[in-house]
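Observations on the model geometry
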Amino acid sequence: MAEPSNWTHLHAQLHRTLLHRQILPSNQRLLVAVSGGQDSLCSIKLLLDLQPKWGWNLAIAHCDHRWRSDSEANANHVENLAENWGISYYLQTASHIPKTEAAARKWRYQALTEIAIARNYPYIVTGHTASDRAETLLYNLIRGSGADGLSALTWTRPLADFRLPILDFRLGNSGENPNSQISADFRLEDMDENPQSKIQNPKSKIHLVRPLLEITRSQTGQFCQEQKLPIWEDSTNQDFKYARNRIRSQLLPYLETHFNPKASTALAQTAELLRADVEYLELAASDLLQRAISPIADSNPVKFQLPVKLNRPILREAALALQRRAMRQLLQQILPSAPSFESVEKLTSLILAPNRSQTDPFPGGAIARVENPWIVINI
C-alpha cells in the first residue's frame, strides 16, 4: 500500500511502535480520549491516518470536568471535529465538579470506562506522551515514591473487567444516537490504586493504551501546526496552583536549560527501564508469596483471606526488595485501602523479629504476630 501524501515522521514512528509493541491490535474498536489539546489531537489524527492500514473502528470520547466557563464550548469544539472526521462522539459531563487533580483523574477514567462498557470498546486510547511520563516521574520522585511510582504511565494496563450482560443495562435509554450523553451509574473502585474490577471475565477486559509514550510534547505541537489542527487551549494548564503545571512550565524547562536539553526524553527512558524492572520484581514477589503463604484447603492459587499464615524461613531466603513487595501484595488483598509504606515495613520487619512479636493494628483492625515459624495475620 502506498503511503498517503500526508505521511510524516510521526506516522512512521507510531506505525513502527504499534508493530513492535502489539498494544493496539488490528480490526479493533478504539475509544480515543480527546480533550482538544495538542496531544490528544495529535493522537486521534495519527490513528485516523493509520486506520486504513490497521482496520480500526474509531470513536472519540470527551470528558467535561466543568472546571472552566468555556468547558461546554470546548466539548462542542471536539464534537465538531468528530463530525467532520465522520466518527462517533461520546460526551461525559461531571455531575459534581472535581475538587482536586486526583479526583478529576479518577472521575475521568471512570467516565471513559463507562462509555467503553456501554458502547463495547475494548480499548481506550489516551494521548499521554514522553513528556507526561517525565513529569510523572519527577512528580512521584518529589513525593517520595519507589520504582513503581517512578515508572508510572505504562504503555497499557487493564482498566476493568465486566460481564457482557452489563452492556444491555448500561445502554439504558440513551438510544442509538452515538452522540448522546450516557447517564451512567456503573462505578469502579479507586482506579488509580486498584485498576482491576471485582467483576471478573477475562474475555471482556478493557485496556487503557498510551501509544505516544515515545513522542514528546514539542513533537505533538509541531505536528498539530503542520496538519493545521485546531488546538483548544486549556487555561487551567497555566494555573500554577497545580503541581504538575509547575513541573511542566518551570522545573522541566529549568532542567533542560541548565542540565540536559533532552531531559524529558532521558527521564522518559528511565521510566521505561524501571517499568521492566518493576514487572520482573512483581512476578518474583508473587511467586515468593505463593510459596510462603499457608494454603487454605487445596486452592491454587492461594486465596487471600484472614487468617493468613506466612512461612518465615521461606521469606528469609529472599532479598529485602522481594520481601517488601510480597508483603505489599498481601496487604493489598486483605486491607480495605492501599497499604502505606509504614504498613509494609512493619509487616516485613516480622520476618526477622523474635517470637511473639506483633504489630499494632492495620487499617481495618487486623494484627500480625510471630508464632514460630509463622507470621499469623488475623483480626
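All of the points below concern the structure found in this document. Keep in mind that what you see is a predicted model, and the values were worked out from it rather than measured.

1. A word on the environment of Glu342
Relative to the assigned elements, Glu342 resides in helix α13 (residues 341-348). Sequence separation of Glu342 and Phe362 is 20 residues, and the distance between their C-alpha atoms is 9.9 Å.

2. A short note on unusual backbone geometry
Note that the residue after Asn372, namely Pro373, is joined by a cis bond; omega there is 5°. Topologically, Pro373 is positioned in the loop between β8 (367-371) and β9 (374-378). In this structure, Asn27 is a non-glycine residue whose phi angle is positive, near 60°. With respect to the helices and strands, Asn27 occurs in the loop between α1 (9-21) and β1 (29-33). Overall, Asn27 belongs to the exposed group, its relative accessible area being 60%. Its identity as a non-glycine residue notwithstanding, Leu153 has a phi of 65°, on the positive side. With respect to the helices and strands, the residue Leu153 is situated in the loop between α6 (147-150) and β5 (156-161).

3. Points about the pairing of β8
Remark: a regular strand shows side chains that alternate across the two faces of the sheet. Burial along β8 is one-sided: Ala368 and Val370 are buried, while Ile367, Arg369 and Glu371, pointing the other way, are not. Where β8 and β9 come together, five bridges link them in antiparallel fashion. Residue Ile367 lies in a different strand from β9, and its bridge partner there is Asn378. As consecutive antiparallel partners, β8 and β9 are separated by two residues.

4. Notes on the nonpolar core
With 36 residues, the main nonpolar core has Leu18, Leu24, Leu47, Trp56 and Ile60 as its most contacted residues. The set of elements that each furnish at least two residues to this core consists of α1, β1, α2 (38-54), β2 (57-64), α3 (71-85), β3 (88-93), β4 (123-125) and α8 (217-227). Of all the elements, α2 adds the most residues to this core, at eight residues. Apart from residues no more than four positions distant in its own chain, Leu18 is found in contact with Ile23, Leu24, Leu50, Trp54, Trp56 and Pro211. Core analysis: the second largest hydrophobic core is formed by 27 residues, Ala292, Ile334, Ala353 and Phe362 among them.

5. Here's the deal with the sheet that holds β9
As summarised here, the arrangement of the three strands in space is β7-β9-β8, forming an open sheet in which the pairing is antiparallel. Each end of this open sheet is capped by a strand with a single partner; those strands are β7 (308-311) and β8. Ignoring which end each strand starts from, the neighbouring axes of this sheet average 25° apart.

6. Re the packing of helix α12 (residues 320-334) against α13
Across the interface, α12 lies against α13 with an axial gap of 9 Å and an inter-helix angle of 115°. Overall, the two elements α12 and α13 adopt an arrangement that is roughly perpendicular. In terms of crossing hand, the pair formed by α12 and α13 is right-handed. Contact with α12, carried on its side by Leu320, Gln323, Arg324, Met327, Arg328, Leu330 and Leu331, involves Ser343, Val344, Glu345, Leu347 and Thr348 of α13 and no other residues of that element.

Rules used throughout
- Residues numbered from 1 in each chain as written.
- Predicted model: local features only at pLDDT ≥ 70, side-chain atom pairs only at ≥ 80, totals over all residues.
- Heavy atoms only, no water.
- Helix = DSSP H or I, 4+ residues; strand = E, 2+ residues; numbered from the N terminus.
- Buried < 20%, exposed > 50% of the residue type's maximum accessible area, 1.4 Å probe, protein only.
- Pairing = 2+ DSSP bridges.
- Core = buried A, V, L, I, M, F, W, Y, C linked by side-chain atoms within 4.5 Å.
- Contact = heavy atoms within 4.5 Å.
- Axes fitted to C-alpha atoms, helices over the stretch in contact; angles between N-to-C directions.
- Parallel < 35°, antiparallel > 145°, perpendicular 65-115°, else oblique.
- Left-handed = near helix turned anticlockwise from the far one by under 90°.

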